[in-house]
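Analysis of the macromolecular model
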Amino acid sequence: AQSVTQLDSQVPVFEEAPVELRCNYSSSVSVYLFWYVQYPNQGLQLLLKYLSGSTLVKGINGFEAEFNKSQTSFHLRKPSVHISDTAEYFCAVSGPPSNNLFFGTGTRLTVIP
Amino acid sequence: DAGVTQSPTHLIKTRGQQVTLRCSPISGHKSVSWYQQVLGQGPQFIFQYYEKEERGRGNFPDRFSARQFPNYSSELNVNALLLGDSALYLCASSLMGREVGETQYFGPGTRLLVL
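Described below are features of the structure shown in this document. A quick note: this is a predicted structure, and the numbers were derived from the prediction, not measured.

What counts, and at which threshold
Residues numbered from 1 in each chain as written. Chains lettered and ligands numbered in written order. Predicted model: local features only at pLDDT ≥ 70, side-chain atom pairs only at ≥ 80, totals over all residues. Heavy atoms only, no water. Phe/Tyr/Trp six-rings, centres within 6.5 Å; stacked < 30°, edge-to-face > 60°. Helix = DSSP H or I, 4+ residues; strand = E, 2+ residues; numbered from the N terminus. Buried < 20%, exposed > 50% of the residue type's maximum accessible area, 1.4 Å probe, protein only. Contact = heavy atoms within 4.5 Å. Buried area = accessible area lost by both parts, 1.4 Å probe. Salt bridge = Lys/Arg side-chain N within 4 Å of Asp/Glu carboxyl O. Polar contact = N/O pair within 3.5 Å; in protein donor to acceptor, adjacent residues only side chain to side chain. Disulfide = S-S within 2.5 Å. Pairing = 2+ DSSP bridges. Axes fitted to C-alpha atoms, helices over the stretch in contact; angles between N-to-C directions.

Moving on, we get to the packing of aromatic side chains. Scanning the model with the defined rule gives 14 aromatic pairs over all chains in all. Ring plane angle 65° and centroid distance 5.9 Å describe the contact between Tyr35(B) and Phe45(B), whose orientation is recorded as edge-to-face. Here the residue Tyr35(B) occupies a position in strand S4 (residues 31–37), and Phe45(B) occupies one in strand S5 (residues 44–50), the gap between them amounting to 10 residues. Phe45(B) shares its class with Tyr35(B); the two are buried. Judged by centre distance (6.1 Å) and plane angle (55°), the ring pair of Phe47(B) and Tyr49(B) falls under tilted. For the pair formed by Phe47(B) and Tyr49(B), the shared burial category is buried. Feature note: the residues Phe34(A), Tyr36(A), Phe90(A), Phe103(A), Tyr35(B), Phe45(B) and Phe106(B) constitute an aromatic cluster, connected by ring pairs.

The subject of this paragraph is the interface of chain A and chain B. Between chain A and chain B, the residue contacts involve 22 residues of the former and 23 residues of the latter. The junction of chain A with chain B conceals about 1700 Å² of combined surface from both sides, 52% of it contributed by carbon and sulfur atoms. Area buried by chain A at its contact with chain B is led by Leu44(A), Asn99(A) and Asn100(A), which between them contribute 32% of it. Linking chain A to chain B there are zero salt bridges. At the surface where chain A touches chain B, the tally comes to four residue pairs in polar contact (both at pLDDT 80 or more). Breaking the side of chain A that touches chain B down by element, the ones donating at least two residues are strand S5 (32–38), strand S6 (44–50) and strand S10 (87–94) of chain A. Considering each element in turn, the side of chain A that touches chain B owes the most residues, four residues, to S5(A).

What follows covers the state of the cysteines. Taken as a whole and judged by the stated rule, the model has two disulfides over all chains. Here Cys23(A) connects covalently by a disulfide to Cys91(A), the sulfurs 2.0 Å from one another. Looking down the S-S bond of the Cys23(A) and Cys91(A) bridge, the torsion is -65°, so its handedness is left-handed. Here Cys23(A) is found in the loop between strand S3 (19–21) and strand S4 (24–26), whereas its partner Cys91(A) is found in strand S10, with 68 residues between them in sequence. Of the two residues examined, Cys23(A) and Cys91(A), each falls in the buried class. A sulfur-sulfur distance of 1.8 Å marks the disulfide that ties Cys23(B) to Cys91(B).

A few words on the sheet that holds strand S8 (residues 74–78) of chain B. Strand-to-strand pairing in sheets goes through backbone hydrogen bonds, with the strands running parallel or antiparallel. Residues and elements named next belong to chain B. One open sheet accounts for four strands, arranged S1-S3-S8-S7; its pairing is antiparallel. What marks the edges here is a single partner per strand, and that holds for strand S1 (5–7) and strand S7 (64–68). Taken pair by pair, the neighbouring strands of this sheet meet at an average axis angle of 15°, ignoring direction. Direction of pairing for strand S3 (residues 19–24) relative to S8: antiparallel, over a ladder of five bridges. For Val-19, the partnering residue across the bridge sits in S8 and is Val-78.

What follows is the structure in structure tokens.
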């Protein structure tokens, strides 16, 4: 069984500052990891995903994440945030035999002007 | 191209009633999944359908059912509504739904309020 833990429920950060949103996973099989963003009153949009290969994954809107197998982590980073990055961010995992997603509880990123 | 569409956008029901939510996948996608997102929580997997057959089911009671039509659209039905069923119901589509790591594309959701 797969599961995901997002360690921070809320992260406030000033505009143009860097940010890291933390995610740890648990799985007994090979895992595939995802970050989705949810803007207010909207569905989920894929930011990036890790399937295999390079452990540093680049996504949309300047976000990137690093897969760390030894620490079972997949933290999301952005070097300089904008007001428009204010949203809820979800880490998710999937594994065989399907592409169903198991989500964490989310981290609300608030960018302060 | 249109993304995943869901209807209605909002719905208010009373306890004990039944509700049907609808989803149209991205053109060419054959798999549809349903998720429930309770306020303040991450989405939870309910069902996955591929080619009109159920391929996966999450830990939800039998009051929840779904089906997929020949055009790959899908309906989620919830009977005997409880207050705890109040949530945002998300539909996601993917090409085949059986390739691990295949991206799921989400619709805007249907917000259900049970009074």
